[in-house]
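Structural characterization, general
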Amino acid sequence: MQTVERSATIELGGTSRADATMEVTAATEAVTVSGDAQAVEKTAVNETVYDAEFIQALPVGRRLDQIGALAPGVTTNTPNAQQLQISGGFAFDNLFLVDGVDVIDNMFGDVTVGVVIEEAIAETQILTSGISAEFGRFSGGVVNAITKSGGNEFHGSLDIRYTSNDFSEKGDHFDPDIAPTENFPMAATLGGPVIRDRLWFFGNAQRRDEFTTPVVTSAIVAQQNPNPPRGEFEGWNSGGKLSFTIIPQISGFVSVIDSFADIPLAAAGGLRRPEAQGTQEQDSRVYSLKLDGVVNPNWLVNFQVGRHESSLQTAPTSGDLETSQWTNRTGGGVVYDNYSNYQKSDRDRDLIGVSTTYYVADLAGSHAFKVGADADKTKFPNVNFTTGSPSSPSFCPAGLTCGATFTFNGFDAAGNRIPFQQVVTQRQPLTESTGESLALYAQDEWRPLPRLTVKIGVRYDRNEYFDELDDSVLEFDRVSPRVGVVWDVFGDAKMVARANYGTFYVDAPLTLNRLFDVGFTNFSRVFNWNATTQQWVGG
């Protein structure tokens, strides 16, 4: 084939395509084998990038958080599982992006790490310091994942894995039959052309089945709950992506990602009897539309809209909201009769962003000027209350609906429960908190010398929060300067020195709005059992 050259400017964390027509020429052949030390990226941003080949080679641990934990400056020393601590930042204060969409839970700041299957990830970028002004709403770091796209050739994969505690628990001190666990994920992908050179598709699906058997070591607990049910996690992850080229200067993609899980025994454990189990359903969806335009070889324009939907519902497996939960406080804490909580919530985020980049090659060195804006709106409709009913309607004030939980001190000679205490709480109605944010940023990546790169930027963020009455309760305005410098020490990209400064602000989760809720009494009363009068007293 005749040699063809095409040039394309690729932004950090972005993608670009250079199409070329290959022409047959006189055949020549040469084989050159060479080796050299890997060059260090000469950018002011500290980043690590893992591609699909690396991700697929990992035998275990391929979620976004597990991939991110491989990068320098990242640890898993965090309050909760599936979180990261990046460059010493707090675990709740990172930014996770999937195809450019923020997948952080807007209520608690957790990340929906399982929203995309591992086989669909094309590249994962971890930014740990020196992060430019185009990224905001975090104080730790950024994990940016891009999903695969189709092409002019059909391609696909099938991945089946099985793990069990039986593989690792052997020998005199381990019995794999005491608490067997199994994990049996299956994933498949397929991509290819719809219209060659114009429209391509990529689809993926994964079935997740996980099982855990609780361990009961107490004879008292085993007597009351001899056969605790096995915990299950049954889920489907799926996604689809259409990439397109409208004209040579305009390309983009539209993608949908869905992650659904049904957890029949969400509170499974040795202390809960079968009738006291809870069921959890959770779903997360990511929608994204991105357009990339080339005005001329030096001028790029990007536009994106997206939406992240996340829902969670937990309820008694029986579906009964009126029967109360009873806990045997002197009998090992075994739980009887019902599950004590019902909750249902949505955590939704809508976002839009636009940016433009202009490249200058001969203005006291080379420059990449970039300006942009992004905005999002978050909302959290939520209901969360205690199930059950008070032993007497009079224990709940008139006009309110109440739930109740009970504890008891074992059984008497006749096998009846010996009451100890009941806690009566108001069932709160549905509330909705919302937030809005707007950001403007400008930055320049300047290379005055071949061995020196300077990145200067500034970001403006404005956040406003609204209570359940849609009244504005808080406003924040913040300006974040960012400066980064990198020096190629020997001019061979083998050693670089970096320095950076910046201020970073976290987009506060919607739990903040609860401080301003109005119209709720948060009623709660405690009643104790009087064995002498055989009545509930207190409150």
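Remember, it's a predicted structure, so these values are computed and weren't measured experimentally. Sequence positions are assigned chain by chain, starting from 1 and proceeding in written order. Totals for whole chains, interfaces and linings use every residue, but because this is a predicted model, local features are given only for residues with pLDDT of at least 70 and side-chain atom pairs only at 80 or more, for both listing and counting. In computing side-chain properties, one takes all heavy atoms of the structure into account and sets aside hydrogens as well as water.

1. Re the overall build of the protein
Elements are defined by DSSP. Helices are runs of H or I of four residues or more, strands are runs of E of two residues or more, and each kind is numbered from the N terminus. Of the regular secondary structure elements, the protein holds three helices and 29 strands. With the C-alpha coordinates of the protein rotated into their principal frame, the extents come out at 100 × 60 × 45 Å. Relative accessibility under 20% of the residue-type maximum defines a buried residue, over 50% an exposed one, and the middle range a partly exposed one, all with a 1.4 Å probe and only protein chains included. Among the 539 residues that make up the protein, the fraction classed as buried is 44%. Under the convention used here, a 1.4 Å probe and the Shrake-Rupley method define accessible areas, while residue burial counts only the protein chains that appear. Of the accessible surface of the protein, which amounts to about 27100 Å², a share of 55% is contributed by carbon and sulfur atoms. Averaging the positions of the 40 positive and the 66 negative side-chain charges in the protein gives two centres separated by 1 Å. When charges are counted, Lys and Arg contribute as positive and Asp and Glu as negative, whereas His and the chain ends are disregarded. Charged groups are reduced to one reference atom each: NZ for lysine, CZ for arginine, CG for aspartic acid, CD for glutamic acid.

2. A closer look at the sheet that holds strand 7 (residues 142-147)
Sheet strands line up and pair through hydrogen bonds in the backbone, either parallel or antiparallel. Here, any two strands with at least 2 DSSP bridges between them count as paired. Spatially, the five strands line up as an open sheet ordered 1-6-7-4-5, and their pairing is mixed. Of all strands in the sheet, those bounded by a partner on one side alone are strand 1 (46-51) and strand 5 (101-102). Strand direction decides the pairing type here: strand 1 and strand 6 (residues 121-129), joined by six bridges, are antiparallel. Residue pairing across strands places asparagine 46 opposite serine 129, the latter belonging to strand 6.

3. So, the side chain of threonine 128
Here threonine 128 is to be found in strand 6. Any two residues whose heavy atoms approach within 4.5 Å at even a single point are treated as in contact. Discounting residues that sit within four places of it in the chain, threonine 128 has contacts with Asn46, Pro72, Val74, Ile86, Ser87 and Gly140.

4. Some remarks on the state of the cysteines
Two cysteine sulfurs form what is called a disulfide whenever their separation falls within 2.5 Å. Applying the stated criterion to the full structure yields one disulfide. Put simply, cysteine 396 and cysteine 402 are joined by a disulfide, and their sulfur atoms are 2.0 Å apart. Every disulfide takes its handedness from the sign of the S-S torsion; for cysteine 396 and cysteine 402 that torsion is 75°, giving right-handed. An identical accessibility class is assigned to cysteine 396 and cysteine 402; each is buried.

5. Let's talk about the confidence of the model for the protein
On average, the protein scores 87 in pLDDT, and the residues at 70 or more come to 90%. A residue's pLDDT is simply how confident the predictor is in it, with values from 0 to 100. Taken together, the stretch residues 30-40 has pLDDT below 50 and engages in seven contacts with residues farther than four places along the chain or on a different chain.

6. Regarding the pairing of strand 13 (residues 231-247)
Two elements, strand 12 (residues 199-212) and strand 13, share 14 bridges in a ladder whose sense is antiparallel. Paired with phenylalanine 211 across the strands is glutamate 232, a residue of strand 13. Note that strand 13 and strand 14 (residues 250-263) share 13 bridges and pair antiparallel. Directly across from tryptophan 236, in strand 14, lies its bridge partner phenylalanine 260. Where strand 13 folds back on strand 14, the antiparallel hairpin that results is connected by two residues.

7. Topic: the sheet that holds strand 17 (residues 325-328)
The six strands lie next to each other as 18-17-22-23-28-29, forming an open sheet whose pairing is mixed. With partners counted over all chains shown, the strands left at the sheet margins are strand 18 (334-336) and strand 29 (535-538), one partner each. Shown here is a sheet whose adjacent strand axes are inclined to one another by a mean of 25°, direction ignored. Two strands pair when backbone bridges link them, and strand 17 and strand 22 (residues 402-411) are joined in this way by four bridges, in the parallel orientation. Residue pairing across strands places threonine 327 opposite threonine 407, the latter belonging to strand 22. Throughout, an axis means a line fitted to C-alpha atoms (over the contacting stretch in the case of helices), and angles, computed between N-to-C directions, take values from 0 to 180 degrees.

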